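# Coordinate inspection notes
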Amino acid sequence: MTFHGISPAAALALALGTVSVLTAAHLLHRRYRRVVVPALRFWSAALKKHRQDTLGGRLRHPLTWLLLCTLAGLLIFAMLQPVFSGGWGPRPWVVVVDCRASMGLPCDAASSRLMRAQALARDFLSRAAGPVGVTLIAVDRTATVLAHAGDPKAESLHHLAQLTCTEQTDGRGMEQALTLAETLVRCEPRTGVLVLTDHSPAGWDVSASLRPCLAVLNVAEPVDNLAVLPPEVTPLADGTYRFVVWLAHWGSEPCRATVTVLHDGKPGETLPVSLAPGQMRSYDFTFGADQIASLSVRVDREEAYTLDNQAAPPAWQRRRVFLPEDAPPALEAVVSANPAHQRVTTAAQADVCVSLAQTQAVGSGGYGSVQVTAALCPDEDLRRAWMTDLFLGSNVSPVPESGHAVVLLSTADAQPLAVRFDTAPPTVTLSASLFDEGATFWKQPQCPVILDALLNPDGSRPDDAGPSYRSPTCYSDLTLSTQNPQAARTLPPVRTHVPLAQGILWAALILALCELVLYCRGRIV
Amino acid sequence: MLLDEHELHGLAPLRLRPLMRPRRQSPADFSSHDKGLGLEFADYQLFQPGDDIRHVDWTHFHKDGRLVVRKYDQHETVAIHLMMDLSASMACLDEEKPRAVKRLCAALAFCLLHNGAKVVLHPVGHPSLRRRFSAATQWEACHVAIEELPVGGVLTLVDEVRQFCYACSRRDHLVVVSDFLTDHEDAGVTSCLADLSHRTVLIHPACAAEVEPALEGGLTLVEAESAGTASLTVDRQVITAYQQAYRQYYDGLRRDIERCACRYLEVACDDPLHRQMESLAPNGVLNL
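Source: prediction; values computed, not measured.

Conventions and cut-offs
Chains are numbered independently. Their residues run from 1 in the order of the written sequence. A letter from A marks each chain and a number from 1 marks each ligand, given out in the order of writing. Note on the predicted model: pLDDT of at least 70 is required for a residue's local features to be given, and 80 or more for side-chain atom pairs to be given and counted; whole-chain, interface and lining totals, by contrast, use all residues. Secondary structure counts use DSSP, requiring at least four H or I residues in a row for a helix and at least two E residues in a row for a strand, with both numbered from the N terminus. Burial is judged by counting other C-beta atoms within 10 Å of a residue's own C-beta: 20 or more means buried, 12 or fewer means exposed, and anything between counts as partly exposed, with every C-beta placed from the backbone. In this description, any two residues whose backbone-derived C-beta atoms lie within 7 Å of each other are considered to be in contact. Two strands form a pair only when DSSP identifies at least two bridges running between them. Note on geometry: axes are lines fitted to C-alpha atoms, helical ones only across the stretch in contact, with angles between N-to-C directions running from 0 to 180 degrees. Within a predicted model, pLDDT stands for the predictor's per-residue confidence, ranging from 0 to 100. Roughly parallel means an angle under 35 degrees; roughly antiparallel, over 145; roughly perpendicular, 65 to 115; everything else is oblique. Each crossing gets its hand from how the near helix is turned against the far one by less than a right angle, where anticlockwise is left-handed and clockwise is right-handed. Only buried residues count toward a nonpolar core: Ala, Val, Leu, Ile, Met, Phe, Trp, Tyr and Cys, linked into one set through C-beta atoms within 7 Å. This arc describes the spread of directions from the helix axis toward the C-beta atoms.

## Considering the overall build of chain A
Secondary structure summary: chain A contains 14 helices and 25 strands in total. In chain A, buried positions account for 36% of the 525 residues. Sequence separation of at least 24 residues holds for 70% of the intrachain contacts in chain A that already meet a minimum separation of 6.

Here it is in structure tokens:
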């Protein structure tokens with residue numbers, strides 16, 4: 001049993017203090033007011049008649065003290081917030097949040113990918129983790145454990161809210177985070193791992209022990225926020241296995257779906273489910289030992305997409321970008337940091353080509369602002385936000401104008417700084433002065449956002465690409481636990497989590513009511 | 001002053017009717033049931049050897065030649081021992097109770113003295129304060145003596161009643177004003193009353209604070225005389241049980257006393273004096 005409330009030492013001190021106060025009060029209460037009476041024989045007869053002839057009468061005062069101490073003990077025990085460990089506790093979770101530079105890119109007008117990841121993780125902590133905290137790992141250049149499972153949930157939420165994007169574009173952070181998660185899974189086989197990232201898990205080296213516990217949520221995609229979390233396979237006493245499928249729904253509207261258990265890929269049991277916004281539920285199935293190896297799960301959502309745990313990890317579509325050899329390092333860094341972009345070596349393979357305009361510099365005698373045109377960003381408010389603190393140096397080399405070009409960035413005097421030619425593939429020509437040492441453009445935090453918009457000429461996902469974006473954004477691999485039932489035996493039995501502190505408080509309330517009744521009946525004092 | 005003039009005026013009409021049958025022949029104020037030496041002629045009786053020759057009726061001898069002696073109603077002086085209990089148990093729950101007892105005893109003494117009886121003040125537990133008053137003229141001294149009696153101490157009623165049985169003559173009356181709460185068992189008080197029989201009246205002054213004590217909550221009860229303690233929480237049920245035990249005790253005491261041909265009277269201390277005296281003298285006659 002672990003405690004997640006006040007420290008045991010504080011609880012012990014509190015209990016000692018409370019018992020001392022109760023005992024003192026009890027003794028003081030027993031030290032009754034002295035009254036001189038003519039004779040005790042009448043009172044003795046009363047005592048003999050009403051109190052002393054029963055066991056309750058003899059235990060009247062000790063029972064009062066005992067009940068009060070029990071009540072105080074229950075309340076202090078509830079303050080400890082005890083949680084059963086092992087098979088009786090809630091499932092421990094490891095939440096990995098990617099904080100690399102690409103997570104700072106906006107996923108809509110109001111939030112970035114990291115903000116979405118924070119919101120999802122916050123909801124997950126609130127709903128799935130129960131009273132215990134989760135192991136929170138932030139990934140940038142390296143993996144950093146921000147909160148341990150034993151830490152209070154409030155601390156985990158605090159660290160989660162403090163997460164910010166870093167300038168790191170790559171590194172061994174995710175690899176280290178997965179290694180840490182694997183270590184935790186080895187310590188506690190029921191541990192689930194949730195990774196919130198905008199990087200594809202295709203190239204990850206996920207060990208066999210980690211794969212059944214891993215759920216990856218791509219926060220870069222416009223997902224409808226339905227996720228299948230790693231299921232659990234639990235052996236039962238009668239030799240069968242319980243197959244628990246967890247669904248989490250982060251959408252804003254209720255959704256209906258059908259959970260289908262596949263036997264060797266063929267549909268078997270189906271279960272229609274309905275999930276309210278922000279709900280996470282588990283669905284139990286029971287199978288024999290001979291069936292458990294061939295099980296898989298598919299969730300068909302009526303209005304959205306299909307999740308199939310047998311599907312391969314999603315290969316997200318990346319925009320191929322061609323950069324010239326002499327591309328400035330800042331531009332190369334921005335492209336390589338975004339997992340949605342893939343740099344190619346030839347223009348023929350690219351979805352978009354980037355060129356630099358090395359024209360004669362035009363001296364302006366000072367810093368000039370960079371204007372974002374409506375062609376690049378139709379939203380005026382967002383455009384103004386982008387233009388904040390974007391300045392160029394004194395020597396500006398504008399892009400030569402052309403009749404077919406669409407001006408995306410310009411100077412204050414309407415000299416183009418970035419234009420797009422609707423060739424095949426589209427070509428985006430950028431002014432070299434944007435990446436001069438004297439320019440502030442590429443140094444500002446909104447630079448990756450603007451460059452992402454420059455390299456994405458349509459400004460949004462194409463409509464015909466819908467099915468690709470509705471491809472499984474969350475997957476689970478059941479191959480290990482289902483193909484090896486013996487391994488499932490190592491999983492401890494899982495019980496529905498009962499908030500122990502809440503139960504203790506209910507017990508204390510019932511005890512208090514019993515004391516009140518006993519007091520009214522004169523059984524206690 | 002225990003009694004004011006108005007109260008004394010109200011007590012004056014009360015008369016005393018002694019219940020004893022005295023044997024010793026001596027002139028007194030009250031007419032005896034026996035015939036003997038007195039002032040009023042009662043009957044003739046044949047002369048017997050040993051009769052006083054002075055009482056021979058010589059006129060009757062001359063008429064029929066037989067020696068007869070005159071017999072007269074015997075008059076006696078009644079001595080009433082007023083045994084007052086002013087022990088600690090009388091003063092614990094109601095501080096006014098000792099004064100009420102003193103007023104009652106003073107009223108009794110007033111009536112007794114003004115009806116020609118002798119009064120022996122017999123404060124229980126204080127033998128040195130025992131006083132004897134023989135005439136109505138000594139009422140003031142009797143009043144002062146009663147008023148100055150100390151309150152407190154341990155009730156030694158049983159011992160003193162036994163001592164009274166041995167020491168006093170058989171024609172002395174005994175009036176006991178007490179709560180009869182002694183260390184003895186219930187029979188202790190009444191065991192010594194058998195010899196006194198009709199010559200004894202026991203008065204129990206009861207006050208409302210004893211009948212229904214205004215006590216509640218956790219209390220350590222201390223017995224006034226023995227200092228014994230008992231802790232309990234007093235509630236309505238306990239009070240009811242107390243009252244049952246209280247009534248059972250005094251009802252049993254009344255039965256035992258009346259079985260001994262003694263009289264038991266209960267007087268409410270909270271009542272005014274005239275009402276207390278009405279309960280003792282229903283028809284204006286003190287049946288002591």
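Resuming the write-up.
## Brief notes about the overall build of chain B
For chain B, the count of helices and strands is nine helices and twelve strands. Of all intrachain contacts in chain B linking residues separated by at least 6 positions in sequence, the fraction that spans at least 24 positions is 75%.

## Topic: the interface of chain B and chain A
Each partner contributes to the interface: chain B provides 27 residues, whereas chain A provides 21 residues. A total of seven residues in the side of chain B that touches chain A trace back to one element, the largest contributor, which is helix α8 (residues 236-259) of chain B. The sheet contact formed by strand β2 (residues 33-37) of chain A and strand β9 (residues 217-223) of chain B spans five bridges and is parallel. Directly across from V35(A), in β9(B), lies its bridge partner L221(B).

## Observations concerning the sheet that holds strand β6 (residues 131-133) of chain B
Residue and element names in this part refer to chain B. Spatial ordering of the open sheet is given by β6-β5-β4-β7-β8-β11, a layout of six strands whose pairing is mixed. The open sheet is flanked by β6 and β11 (263-268), the only strands paired with a single partner. Shown here is a sheet whose adjacent strand axes are inclined to one another by a mean of 20 degrees, direction ignored. Looking at chain direction, strand β4 (residues 79-84) and strand β5 (residues 118-123) are connected through six bridges and run parallel.

## Regarding the sheet that holds strand β25 (residues 427-431) of chain A
Paired through backbone hydrogen bonds, the strands of a sheet run either parallel or antiparallel to each other. The eight strands are arranged β17-β16-β18-β25-β24-β23-β20-β21 (chain A) in an open sheet whose pairing can be described as mixed. Pairing within the sheet leaves two strands with one partner each, and these edge strands are β17 (341-344) and β21 (391-392) of chain A.

## Considering the confidence of the model for chain B
Residue and element names in this part refer to chain B. Averaged over all residues, the pLDDT of chain B equals 80, while 85% of them reach at least 70. Looking at the elements of chain B, mean pLDDT is at its lowest for strand β2 (residues 30-46), recorded as 61, and at its highest for helix α4 (residues 139-147), recorded as 91. Of the regions scoring below 50 in pLDDT, residues 19-29 engages in 27 contacts with residues more than four places distant in sequence or in other chains. For this predicted complex, the interface score ipTM comes out at 0.75, alongside a pTM of 0.41.

## Notes on unusual backbone geometry
The phi angle of most residues is negative, glycine excepted, and most peptide bonds adopt the trans form. A cis amide bond links A424(A) to the next residue, P425(A), at an omega of -5 degrees. Tracing the backbone through its elements, the reader meets P425(A) in the loop between β24 (416-421) and β25. If you check the backbone angles, A414(A) has positive phi at about 70 degrees while not being a glycine. Inspection of the secondary structure puts A414(A) in the loop between β23 (405-411) and β24. You can call A414(A) exposed: it has 11 C-beta atoms within 10 Å. Residues other than glycine seldom take positive phi values, yet A261(B) does so here, at roughly 65 degrees. Positionally, A261(B) belongs in the loop between α8 and β11. Of the residues examined, A261(B) has 14 C-beta atoms within 10 Å and is grouped as partly exposed.

## Comments concerning the pairing of β23(A)
Residue and element names in this part refer to chain A. Pairing analysis gives three bridges linking strand β20 (residues 368-372) to β23, with the strands arranged antiparallel. Looking at the pairing, Q371 lines up with S410 of β23. Between β23 and β24, which pair antiparallel one after the other, the connecting turn spans four residues, and A414 there sits at a positive phi close to 70 degrees.

## Overview of the packing of helix α3 (residues 97-114) of chain B against α4(B)
Residue and element names in this part refer to chain B. The contact between α3 and α4 brings their axes to 10 Å, and the two run at 160 degrees. It follows from the interaxial angle that α3 and α4 lie roughly antiparallel. Crossing handedness for the pair α3 and α4: right-handed. For the pair α3 and α4, the contacting residues are K102, C105, A106, A109, F110 and L113 in the first and W139, C142, H143, I146 and E147 in the second.

## Structural notes on the nonpolar core
Membership of the largest hydrophobic core comes to 80 residues, with the highest contact counts inside it found for V95(A), V96(A), V97(A), V193(A) and L196(A). Once you skip the residues sitting within four places of it in the chain, V95(A) turns out to touch A121(A), F124(A), V134(A), L136(A) and L194(A).

## With respect to the environment of A268(B)
Residue position: A268(B) is located in strand β11. For A268(B) and H204(B), which are 64 residues apart along the polypeptide, the C-alpha to C-alpha distance reads 8.4 Å.

## A word on α4(B)
Residue and element names in this part refer to chain B. Within the span of α4, buried status applies to C142, H143 and I146. Axial view of α4: buried residues confined to an arc of 100 degrees, hence all on one face. Among the exposed residues of α4, those pointing more than 90 degrees away from its buried face are E140 and A141. On its buried face, α4 sits against α3, β5 and β6.

## Remarks on the environment of D271(B)
Residue position: D271(B) is located in the loop between β11 and α9 (273-280). When the C-alpha atoms of D271(B) and C207(B) are compared, they prove to be 8.8 Å apart, with 64 residues separating the residues in sequence.

## Observations regarding the pairing of strand β8 (residues 200-206) of chain B
Residue and element names in this part refer to chain B. Most of β8 sits inside the fold, with six of its seven residues counted as buried. Note that β8 and β11 share six bridges and pair parallel. Bridge pairing in β11 links A206 to A268.

## Considering the confidence of the model for chain A
Residues and elements named next belong to chain A. With 73% of its residues at a pLDDT of 70 or more, chain A has an overall mean of 74. Within chain A, the lowest mean pLDDT, 31, falls on helix α11 (residues 466-469), and the highest, 89, falls on strand β5 (residues 135-139). Note on residues 310-316: pLDDT under 50 across the span, and 16 contacts to partners over four residues away in sequence or across chains. Across residues 459-498 the pLDDT falls below 50, and counting only partners more than four positions away or on other chains, this stretch makes 83 contacts in the model.

## Thoughts on the environment of F77(A)
All names here are of chain A. For F77, the position within the fold is in helix α4 (residues 60-79). On the basis of neighbour count, F77 is assigned to the buried category, with 20 C-beta atoms found within 10 Å. Sequence-distant contacts of F77, that is, excluding residues within four places in its chain, are made with P82 and I504.

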